[in-house]
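Chain and residue survey
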Amino acid sequence: MTYGGLSMKKLYLISNAHLDPVWQWEWEEGAAAAVSTFRAAADFCEEFEGYVFNHNEVILYKWVEEYEPTLFKRIQRLVQEGKWHIMGGWYLQPDCNMPSGESFVRQILLGKTYFREKFGVEPTTAINFDSFGHTKGLVQIMQQAGYDSYIFMRPDGFDKAPAQEFAWMGFNGSEIIAHRINGGYNTQLGEAHLKIKQLREDIPDGTMTMVLWGVGNHGGGPSRVDLRQIRDMMEDSPDCEIVHSTPEHYFRELRATKKLPSYDGDLNPRFVGCYTSMIRIKQKHRQLENELYMTEKMLSAAALQGKLEYPSADLHEAVCDLMMAQFHDILPGSSIQPAEEAAIRMIDHGLEIVSRLKARAFFAHAAGEAKAELKEYPVLVYNPHPYPVRGIFECEFMLEDQNWKDEFSMPVVYRDGKRIACQPEKELSNLTLDWRKRIVFEAELSPSTMNRFDCRIEMLERKPEPGLKLVDGFYRFVTDEMNVRVNAQTGLIDEYSVGGVSYLRPDAFCPIVVQDNEDPWRMDTNAFSPDIGRFALMNPGAGSDFSGVKDRMLPSVRVIEDGDVRTVVESVLSYGSSTIVMTYKLPKKGTELEVQVRVYWNEKDKMLKLSIPTDLKDGVYVGQTAFGTHELPSNGDEAVAQKWVAVQSEEKGQAITCINNGLYGSDYRDGEIRLTLLRSPGYCAHPIYDRPLVMQDRFSPRIDQGERQYTFWLNAGPLEQRRAVVDREADAYNERPYALSFFPSGDGEEQESFICLEEGTVQLSAFKKEERGDGYILRLFEPTGQEQMTYITIPSMSIRQEVRLSGFEIRTFRLDGKNGVLSNIGLCEK
């Protein structure tokens, strides 16, 4: 690189003020710091010639816009003058592993929409300075969103990438330039010149780099003393050009002067404890993701059929709650306890909005259903997915009157006049009265429409007793498709075979206790060890007391439901001061085990894992990531994945898949999956030198004490079959079809399926109204890594459009509902 005929160095100074909205403080303090930091930065932009302040994150600008609007207008003017640079362009800096692919799209979409409207700009360099690792799935998302470069810092000391700057390769042939920050994203007050001086000395002649500076974490940014010292350095630096700049300027020159090596993979691991800390936030975050994207699908179909007005403003508020919940000190669980409680309250706010909107959409879709026949109880199930969903569905309803007789009203389910497999199970209430009913039935739901079932009542002398009996210390469950053996001495599963092939070793689903410490990040390791104990079956006395049973002694392993649809086995276990209820739901049709784990946890500085020892010891461990799948460590290191993990054996042509409803951490070694259920570290206990992690002179509360619940769906079979369907199965369990007993009026016309994806296993990631305009957005995703073809079919608009997708490709479409036209559009709806 030559300047003025001489070979020179060049430093691009990127002044910023990293500001965590929440961390060791609550959001109100974060808002106060944002206003103060932005005000000071605006003063310096006006005072120092050539100085440029860079800042990102919509949430901070929204606070300034609301709480100090005159300052916001100053910033708008400074942006137009080129003295203030909108950096990054996302809603905030989220965790970059746990949000779904669709959530990353929304982080960018909301951010870019806001900055275009308020400032007329659109950044092309994405930044996530402080996030704890980065999924490879980000690359395709960012490239499709118009980004060409990315700045990150963690993992610190990452040695997998070939250089500080490299071409980061993503799914579907995507690629962006990535820059890993050295020396941190901030500086101490009055010490920016020292960092600049050090980098000036370190880089070779004829090269360049960027220098991030400014007081950070709690805001602060530039200072007058720093800016004066930097000005002096600029005037007295004959061998190095030092300029105030922006990320976009830096990458523009980098592309013109340097050929970069490439790297294909995640930027992980870092702070592996964050895959599990504050599991309650993680579960509620997943719940809001699921309910939001499902409800958008329901509302879009209803709005396009003229059944309601699409509630854009209400949905936007819920999306903002979700975006904030994904912040990299909220979702990872590294904040203080009041911030945890505030985050849960905020997620619940989003869930309440979505719950009301989902009910509105449901009743709109139910309007065309026929009136119920006399003595029938309708159960309506809306399938939001554009493909049939087969599964076991549950719904409760009230009989028309209370039955005080000593008999049992047996609900039986019919579809189109034909009886289908069903059974009654205990309802959620504890009224010992034949009045409320819970019906469980197996069915295949038609796509993107309401599905109708009708319950009739048959009178029996008593509720049927379970048929599965204990034989030689085991409950043996056998169907034409699978064998399951539950050990009555341990409460664990000793056999799970599908098609005559064994997939699990004995003691499956054993809860394991692992030594841990007070650090919610676990900055000191990538793996958790040693195991220090395991939960064991309670004796009948303790188990009965724990179960709340007073009048009889219960065995600690028992069959609690049995019928034409499934058998349900329950066991109770304990360790130290903690207890667990394990529930195995074994289907009469199919090969999928549903396992529910209800934990009452009262341990400190320990971790709880669920062991699933498989017979596929040669298998590769794989998990879902953002719009893709990736291979996970097989050496016992902690891994992060989203809705499912799997063990895949190419040699045997077999696979085991495990779907979850709100879990992210796990490890794997020698065929054994160990799902990480929870940790119990201190709140925001950050390692500093050799000091104790928490104060040693008082009580310190621990994270995730008390009751937590989990559900897993385990399935096994031929590798290609499992690989093809697991993504759709995971979506069907997470964005679960909505069932409700409702007596429709009979008015209106019954609707056919609104949208279908014919052939293949392509996913519909989003179906929503566009951010600005009257069109609707459909986002498709190929989940297997293999090229696929599908047809988007919307019968009411006479649309049947062929779509070919490469492996893991994302494709976004705009639907013009008025004219019935479906066309390609960019990820950010431009």
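Residues numbered from 1 in each chain as written. Predicted model: local features only at pLDDT ≥ 70, side-chain atom pairs only at ≥ 80, totals over all residues. Heavy atoms only, no water.

1. What to know about the overall build of the chain
Tallying secondary structure elements over the chain gives 13 helices and 48 strands in all. Against the globule reference of 28 Å for 830 residues, the chain gives a C-alpha radius of gyration of 29 Å, in line with a compact fold. Its C-alpha atoms put the chain at 95 × 65 × 50 Å along the principal axes. Sorting the 830 residues of the chain into buried and exposed places 62% on the buried side. Within the chain, contacts between residues at least 6 apart in sequence are counted, and of these 74% link residues at least 24 apart. Accessible surface, the chain as shown: approximately 31700 Å² in total, 47% of it carbon and sulfur. Separation of charge centres in the chain, based on 93 positive and 123 negative side chains, amounts to 1 Å. (Helix = DSSP H or I, 4+ residues; strand = E, 2+ residues; numbered from the N terminus. Rg over C-alpha atoms; globule rule 2.2 N^0.38 Å. Buried < 20%, exposed > 50% of the residue type's maximum accessible area, 1.4 Å probe, protein only. Contact = heavy atoms within 4.5 Å. Areas by Shrake-Rupley, 256 points an atom, 1.4 Å probe, with all protein chains shown as cover. Lys, Arg positive; Asp, Glu negative; His and termini not counted. Charge placed at Lys NZ, Arg CZ, Asp CG, Glu CD.)

2. Examining the sheet that holds strand S48 (residues 821-824)
Strand order in this open sheet of four strands is S43-S44-S47-S48, and the pairing throughout is antiparallel. Here the strands that pair on one side only, and so sit at the sheet edges, are strand S43 (763-769) and S48. Within this sheet the neighbouring strands show an average axis-to-axis angle of 25°, counted without direction. Examined bridge by bridge, strand S47 (residues 810-816) and S48 share four bridges and lie antiparallel to one another. (Pairing = 2+ DSSP bridges. Axes fitted to C-alpha atoms, helices over the stretch in contact; angles between N-to-C directions.)

3. Some words on helix H10 (residues 312-325)
A rise of 1.5 Å per residue sets the reference length of H10, with its 14 residues, at 20 Å; its end C-alpha atoms lie 20 Å apart and thus fit the reference within 8%. By the burial criterion, the buried members of H10 are Leu315, Ala318, Val319, Cys320, Asp321, Leu322, Met323, Met324 and Ala325. Where H10 is buried, its residues touch helix H2 (58-67), helix H4 (101-119), helix H9 (279-304) and helix H11 (337-366). (Expected span 1.5 Å × (residues − 1).)

4. Topic: the packing of H2 against helix H3 (residues 69-80)
With their axes 5 Å apart at the nearest point, H2 and H3 run at an angle of 125° to one another. One way to sum up the angle between H2 and H3 is to call them oblique. Of the residues in H3, those in contact with Tyr61, Val64, Glu65, Glu66 and Tyr67 of H2 are Pro69, Leu71, Phe72 and Ile75. Grouping the constituent residues of the contact of H2 with H3 by class yields seven nonpolar, no polar and two charged. (Parallel < 35°, antiparallel > 145°, perpendicular 65-115°, else oblique. Nonpolar A, V, L, I, M, F, W, Y, C, P; charged D, E, K, R; others polar.)

5. Considerations on the sheet that holds strand S42 (residues 756-758)
Read from one edge to the other, the open sheet built from three strands follows the order S42-S45-S46, with strand pairing classed as antiparallel. Since the sheet does not close on itself, it has two edges, and those belong to S42 and strand S46 (799-805), each with one partner. Recorded for the sheet is a direction-independent mean angle of 30° between the axes of neighbouring strands. Pairing between strand S45 (residues 788-794) and S46: seven bridges, direction antiparallel. Bridging across to S46, Ile792 finds its partner in Gln801.

6. Description of the packing of aromatic side chains
Two measures describe an aromatic ring pair: the distance that separates the ring centres and the angle between the ring planes. All told, the structure shown has 41 aromatic pairs when counted by the stated rule. Between Phe441 and Phe453 the ring centres are 4.7 Å apart and the planes differ by 45°, which places this aromatic pair in the tilted class. Of this pair, Phe441 sits in strand S18 (residues 434-445) while Phe453 sits in strand S19 (residues 449-460), placing them twelve residues apart in sequence. Through pairs of rings, three or more aromatic residues link up here, namely Phe38, Phe53, Tyr61, Phe72, Trp84, Tyr114, Phe115 and Phe119. The lysine or arginine in question, Lys112, covers the ring of Tyr147, its NZ or CZ lying 4.1 Å from the ring centre. In this structure, Arg456 is placed above the aromatic ring of Tyr414, and the distance from its NZ or CZ to the ring centre is 3.8 Å. (Phe/Tyr/Trp six-rings, centres within 6.5 Å; stacked < 30°, edge-to-face > 60°. Lys NZ or Arg CZ within 6 Å of the ring centre and 35° of its normal.)

7. A short note on the confidence of the model for the chain
In low-pLDDT regions, the fine details of the predicted coordinates are not to be read closely. In this model, the chain carries a mean pLDDT of 96, and residues with pLDDT of at least 70 account for 99%. Low pLDDT, under 50, characterises residues 1-6; the predicted model gives this stretch 14 contacts beyond four residues in sequence or across chains. (pLDDT = per-residue confidence, 0-100.)

8. Some words on unusual backbone geometry
Glycine aside, the phi torsion of most residues is negative, and most peptide linkages are trans. Put simply, Arg154 and Pro155 share a cis peptide bond, and its omega is 10°. Mapped onto the elements of the fold, Pro155 is located in the loop between strand S7 (149-152) and strand S8 (165-169). The phi dihedral of Glu57 is positive, around 75°, even though this residue is not glycine. Relative to the elements of secondary structure, Glu57 occurs in the loop between strand S4 (53-55) and H2.

9. Looking at the environment of Met459
Tracing the backbone shows Met459 in strand S19. A sequence separation of 51 residues divides Met459 from Phe408, and the C-alpha atoms of the two residues are 5.9 Å apart. In contact with Met459, not counting residues within four places along its chain, are Asn403, Glu407, Phe408, Ser409 and Asp434.

10. Some remarks on the side chain of Asn715
Here Asn715 lies in strand S40 (residues 706-718). According to the relative accessible area criterion, Asn715 is buried, its value standing at 7%. A polar atom in the side chain of Asn715 sits 2.5 Å from the side chain of Thr591. Those residues in contact with Asn715, other than ones at most four positions away along the chain, are Tyr496, Thr591, Glu592, Ala655, Ile656, Thr657, Arg722 and Glu729. (Polar contact = N/O pair within 3.5 Å; in protein donor to acceptor, adjacent residues only side chain to side chain.)

11. Notes on the environment of Leu815
Along the chain, the position of Leu815 falls in strand S47. Separated by 784 residues in sequence, Leu815 and Ala31 have C-alpha atoms that sit 38 Å apart. Here Leu815 is in contact with Leu304, Gly775, Tyr776, Leu778, Ile794, Met797, Ile799, Val821 and Leu822, once residues within four sequence places are set aside.

12. Let's talk about the packing of H9 against H11
The geometry of H9 relative to H11 is characterised by a closest axis approach of 9 Å and an angle of 25° between their N-to-C directions. Taken together, H9 and H11 sit at an angle that is classed as roughly parallel. Between H9 and H11 lies a crossing whose hand is left-handed. (Left-handed = near helix turned anticlockwise from the far one by under 90°.)

13. Some details on the pairing of strand S30 (residues 578-587)
Counting buried residues along S30, ten of its ten residues qualify, which places the element largely inside the surrounding structure. Side chains of S30 alternate between two faces, with Ser578, Ile580, Met582, Tyr584 and Leu586 and Thr579, Val581, Thr583, Lys585 and Pro587 buried alike. Alignment of strand S29 (residues 566-575) against S30, held across ten bridges, turns out to be antiparallel. Of the residues in S30, the one forming a bridge with Val572 is Val581. Remark: two residues form the turn of the hairpin made by S29 and S30, two consecutive strands paired antiparallel; Gly576 in that turn has positive phi of roughly 55°. When S30 meets strand S31 (residues 593-601), the two strands line up antiparallel, connected through seven bridges. Opposite Met582, over in S31, you have Val597 as the bridge partner. Taken together, S30 and the strand that follows it, S31, pair antiparallel across an intervening segment of five residues, in which Gly590 is found at a positive phi of about 95°.

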